[in-house]
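Structural overview
Residue-level listing of the chains:
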Amino acid sequence: MPEINPDNWVEDHGDYLYNYALVRVGRPEVAEDLVQETFLAGIKALASFEHKSSVQTWLVAILKRKIIDYYRKKSTVREEVHVEERFGPYGNMQDHWVEKHAPAQWQLNSDELLENDELKKILQACIRHLPGKWASCFILRVMEELKGDVVCKELNISPSNMWVMLHRARLQLRDCLEKGWFNQ
Amino acid sequence: METQGKMMITCKEATFLISKEQQDKLRFSERLQLRLHLLMCKYCRRFSEQVKFMTRAIGRMKKRIEQQGVEVKLTAEQKQRMKQRLTDLKNN
């Protein structure tokens, strides 16, 4: 079996892992830390590497775990979350859209819009601006496609809690995209 | 949000079901409630259309992310920092 030499890891896998982390966490300094931690964890776990996959695949698996941990921690940071009241508080219109917060008409008539890079950038920025708890929940469930029960376990929340957070995240993303793109 | 047994649901409940539908199959009764609500509510119809659009856009974004190779390279300084810490670990 070939000898594995961690001395070359930074040169051989650094860029790849860094890109992998960067598109998933969005912040260069965080991505760098995660890659660094991945290398350190890899060296410590070297004995358990079974040569069933390439070293890079194995390192990516470690990095994935680090990314989940990052979002798990992020979700526990206490912060003031302002929940926009979009629905009427009382009377006939209780729990129905308040006119000024109701969805405006979007021009969605072309599929080209889905390929628009500017729109993707705005959407990505909107996701990053979600409150930590909602962002963690949304990113792990929707972007990283972890299963619902896994997300609940990682974030220590109940399924109904998860549904509410995903929903709040979508309400806010919709508002954000409307302000940032459709209502320019 | 529990909507069982109701024929008419509110926009708050309808939008919740629309969100949920992006990840999970709705129960038959929920689908019925939502359909009925959407027939009558312009804003929730918009919301539904827009949320579906966002789901598709995110799908495209994910595909892009998966296909992306190395676009940004570590700087020499970053690499140096990493190597240093790995050496430190080895020597301890």
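Residues numbered from 1 in each chain as written. Chains lettered and ligands numbered in written order. Predicted model: local features only at pLDDT ≥ 70, side-chain atom pairs only at ≥ 80, totals over all residues. Heavy atoms only, no water.

**Concerning the interface of chain A and chain B**
The interface is formed by 57 residues belonging to chain A together with 46 residues belonging to chain B. Contact between chain A and chain B buries roughly 5,200 Å² in total, counting both sides, with carbon and sulfur atoms accounting for 65%. If you sort the residues of chain A by the area they bury against chain B, A:L114, A:W163 and A:R170 come out on top, with a joint share of 13%. Between the two partners, chain A and chain B, sit eight salt bridges. Note that A:E115 and B:R60 form a salt bridge whose closest N and O atoms lie 2.1 Å from each other. For the side of chain A that touches chain B, the secondary-structure elements that each account for two or more residues are α1 (9–25), α2 (28–44), α4 (117–128), α5 (132–143) and α7 (159–182) of chain A. With 11 residues, α7(A) is the largest single contributor of residues to the side of chain A that touches chain B. (Contact = heavy atoms within 4.5 Å. Buried area = accessible area lost by both parts, 1.4 Å probe. Salt bridge = Lys/Arg side-chain N within 4 Å of Asp/Glu carboxyl O. Helix = DSSP H or I, 4+ residues; strand = E, 2+ residues; numbered from the N terminus.)

**A closer look at empty space enclosed by the protein**
Residue and element names in this part refer to chain A. Within this structure, the stated rule accounts for one cavity of 30 Å³ or more. In this structure, the largest cavity occupies an estimated 30 Å³ of space. In terms of lining residues, the largest cavity is bounded by H82, V83, E84, R86, W134, R168 and Q172. Split by residue class, the lining of the largest cavity holds two nonpolar, two polar and three charged. (1 Å grid on protein atoms, 1.4 Å probe; cavity = no way out; pocket = protein on both sides within 12 Å on 5 of 7 lines; lining within 4 Å. Points joined across faces, edges and corners; volume = space filled by probe spheres on them. Nonpolar A, V, L, I, M, F, W, Y, C, P; charged D, E, K, R; others polar.)

**Re the layout of surface pockets**
One number sums up the size of the largest pocket: a volume of about 410 Å³. Lining the largest pocket are 15 residues, with A:V23, A:Q124, B:R64, B:Q68 and B:E71 sitting closest to its centre. Secondary structure elements with two or more residues in the lining of the largest pocket: α1 and α4 of chain A together with α3 (42–67) of chain B. Ranked by residue count, the leading element in the lining of the largest pocket is α4(A), at five residues. Considered class by class, the residues forming the lining of the largest pocket number five nonpolar, four polar and six charged. Each of domain 1 (6–76) and domain 2 (91–182) of chain A contributes no fewer than three residues to the lining of the largest pocket. (Domains from an automatic or database assignment.)

**Focus on the UniProt feature "domain: RNA polymerase sigma-70 region" (unreviewed entry) in chain A**
In this numbering, the UniProt entry assigns the feature "domain: RNA polymerase sigma-70 region" (unreviewed entry) to residues 10–75 of chain A. Summarising residues 10–75 of chain A: 82% helix, 0% strand, and an end-to-end C-alpha distance of 30 Å. (UniProt positions renumbered as here; feature names shortened; annotations may be inferred.)

**Focus on the domain arrangement of chain A**
Residue and element names in this part refer to chain A. Looking at the assigned domains, one finds that chain A contains domain 1 (6–76) and domain 2 (91–182). Look at where the C-alpha atoms of domain 1 and domain 2 centre, and you get two points 28 Å apart. Of the residues lining the interface, 11 residues belong to domain 1; the matching set on domain 2 comes to 11 residues. Between domain 1 and domain 2 lies a buried interface of about 990 Å² when both sides are counted; carbon and sulfur atoms form 57% of it. Sorting the residues of domain 1 by area buried against domain 2 places I68, Y71 and S75 first, and these three jointly supply 49% of that buried surface. Inspection of the region where domain 1 meets domain 2 yields three salt bridges. With a closest N to O distance of 3.5 Å, R24 and E144 form a salt bridge.

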